[in-house]
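Topology and contacts: notes
Chain by chain, the residues:
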Amino acid sequence: MRMNLNVRKTAAFSIAINGIQALLMLFILAYLLWSQPESPNLTPLRILAAGAALVVASGAIADIRDAMAAGKLMDQADAMEKTMQDMENLNNTLRAQRHDFLNHLQVVFSLMEMQEYQEANQYIERVYGQIARVSKVLKTRNAAVNALLQVKLAACEQAGITMHLDIRSGWENLPMQGWEMCKVLSNLIDNAMDALSEMDTDRQLRVTLTEDLKTYRFSVSNNGPMIPPQNRKSIFQAGVTGKAKGHGMGLYIVKKTLEEHGGGIALQSEPGRTEFSGFVPRTITSRVEEADSGAVQEQSM
């Protein structure tokens, strides 16, 4: 984490220094090209100096581009690292359940042999609840999304929040990397959990995943406080936050990530219900439409 922070600081410093350098060189270039020479003999020297200033300015601009790319790569690496950790947590849970399954059967069998039917029934209900909690997040065909939902489900349980999962789609062949969609869902779920922290009881959070012929869709809703109307237009802007300790980048990242893949996000908030709903287009649909369009053109010819 310290290394990542140093890379970001270095990238920001490089952008600032090279930005100043580029502006200075461009100013010198403009001065050399448009100022009146005192002597005709100085014209070649001015041209040479102008060329050198142009080369330096071009190099500074290239460095700025590389520094910005490095910062973006660090953001992607952080998101991938978090997703991999979530997947590892899910994998550990599944391995532990597989390891314990035979032990559970042996315990139930022993209780039945001793005719402790009530104890056996309670034990089965307890074990079933643990298995069902993991099973209900394994309904998509995206391992990263499954892992994220498992981690958030456990976090909500620990925070006293009831998390409902309404998964109506396998979300197969998403047009974006799984860790990118995890970044979107994670920010929205975290925001919902923060909003619900202001409530004492009946904390409800719902995550819905669906799809249709053209898009993959999702929504994250909660029954926390309503977002004031005056804050809704600026809530997706960088640096805008309603949290006491927030940095205001979560929803901005969500919006930016979705728009980079042709999607979008919307907010609806009223007393007792706030919902963020978003979508990304299905690339397979666009290809089918292009093929159909091409066939129509061939027939018309």
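1. What to know about the environment of H104
You can see H104 is positioned in helix α2 (residues 43-113). For the pair H104 and V127, spaced 23 residues apart in the sequence, the C-alpha separation amounts to 7.7 Å. Contacts of H104, omitting those with residues within four sequence positions, involve Y123 and V127.

2. What to know about the packing of aromatic side chains
Scanning the model with the defined rule gives three aromatic pairs in all. Here the aromatic rings of W171 and Y216 are separated by 6.5 Å at their centres, their planes lie at 80°, and the arrangement is edge-to-face. One end of the pair, W171, is in the loop between β1 (162-167) and α5 (178-196); the other, Y216, is in strand β3 (residues 215-222), with 45 residues separating them in the sequence. A single burial state applies to W171 and to Y216, both of which are buried. Put simply, the rings of W171, Y216 and F218 pair up and form one aromatic cluster.

3. Notes on the nonpolar core
Core analysis: the largest hydrophobic core is formed by 39 residues, its most contacted members being M181 and L205. Elements that contribute at least two residues to this core include exactly α4 (143-158), β1, α5, β2 (204-211), β3, α7 (250-260), β4 (264-270) and β5 (273-281). Considering each element in turn, this core owes the most residues, nine residues, to α5. When sequence neighbours within four positions are dropped, the list of residues in contact with L205 reads C156, I161, T162, M163, H164, I189, A192, M193, L196, V220, S221 and N222. Listed in part, the five residues of the second largest apolar core include L111, A120, Y123 and V127.

4. As for the side chain of T274
You can see T274 is positioned in strand β5. A relative accessible area of 2% means that T274 is categorised as buried. In terms of polar contacts, T274 uses its side chain to reach the side chain of S269, at 2.8 Å. Non-local contacts of T274, meaning those with residues more than four positions away in its chain, are made with V220, S221, N222, P225, M226, I227, L267, Q268 and S269.

5. Here's the deal with the packing of α4 against α5
For any two helices packed against each other, the geometry comes down to the angle between their axes and how far apart the axes lie. Where α4 contacts α5, the axes come no closer than 9 Å and their chain directions differ by 15°. In terms of their interaxial angle, α4 and α5 are classed as roughly parallel. At the point where α4 passes α5, the crossing takes the right-handed sense. On the side of α4, the interface is formed by A144, V145, L148, L149, K152, A155 and C156, while α5 contributes G178, W179, M181, C182, L185, S186, I189, D190 and M193.

6. Topic: the sheet that holds β1
Picture the strands of a sheet paired through backbone hydrogen bonds; they go either parallel or antiparallel. Spatially, β1-β2-β3-β5-β4 is the arrangement adopted by the five strands of the open sheet, whose pairing is mixed. In the strand order of this sheet, the two ends are held by β1 and β4, each with one partner. Sheet twist, expressed as the mean angle between neighbouring strand axes with direction ignored, is 10°. Relative to β3, β2 runs antiparallel, the two being bridged by seven bridges. The partner of L205 across the bridge, within β3, is N222. Sheet strands in contact with α5 are β1, β2, β3, β4 and β5, and its direction is about 15° off that of β3. Against the sheet, α7 makes contact with β3, β4 and β5, and its axis sits at roughly 140° relative to β4, the strand it touches most.

7. Details of the environment of P175
Within the secondary structure, P175 is located in the loop between β1 and α5. Once you skip the residues sitting within four places of it in the chain, P175 turns out to touch Y216, H261, V280, P281 and T283.

8. Focus on the pattern of salt bridges
This structure, assessed with the given rule, holds eight salt bridges. Here D166 makes a salt bridge to R168, at a shortest N to O gap of 2.6 Å. E275 serves as the salt-bridge partner of R273, at 3.1 Å between the closest nitrogen and oxygen.

What counts and what doesn't
- Residues numbered from 1 in each chain as written.
- Predicted model: local features only at pLDDT ≥ 70, side-chain atom pairs only at ≥ 80, totals over all residues.
- Heavy atoms only, no water.
- Helix = DSSP H or I, 4+ residues; strand = E, 2+ residues; numbered from the N terminus.
- Contact = heavy atoms within 4.5 Å.
- Phe/Tyr/Trp six-rings, centres within 6.5 Å; stacked < 30°, edge-to-face > 60°.
- Buried < 20%, exposed > 50% of the residue type's maximum accessible area, 1.4 Å probe, protein only.
- Core = buried A, V, L, I, M, F, W, Y, C linked by side-chain atoms within 4.5 Å.
- Polar contact = N/O pair within 3.5 Å; in protein donor to acceptor, adjacent residues only side chain to side chain.
- Axes fitted to C-alpha atoms, helices over the stretch in contact; angles between N-to-C directions.
- Parallel < 35°, antiparallel > 145°, perpendicular 65-115°, else oblique.
- Left-handed = near helix turned anticlockwise from the far one by under 90°.
- Pairing = 2+ DSSP bridges.
- Salt bridge = Lys/Arg side-chain N within 4 Å of Asp/Glu carboxyl O.

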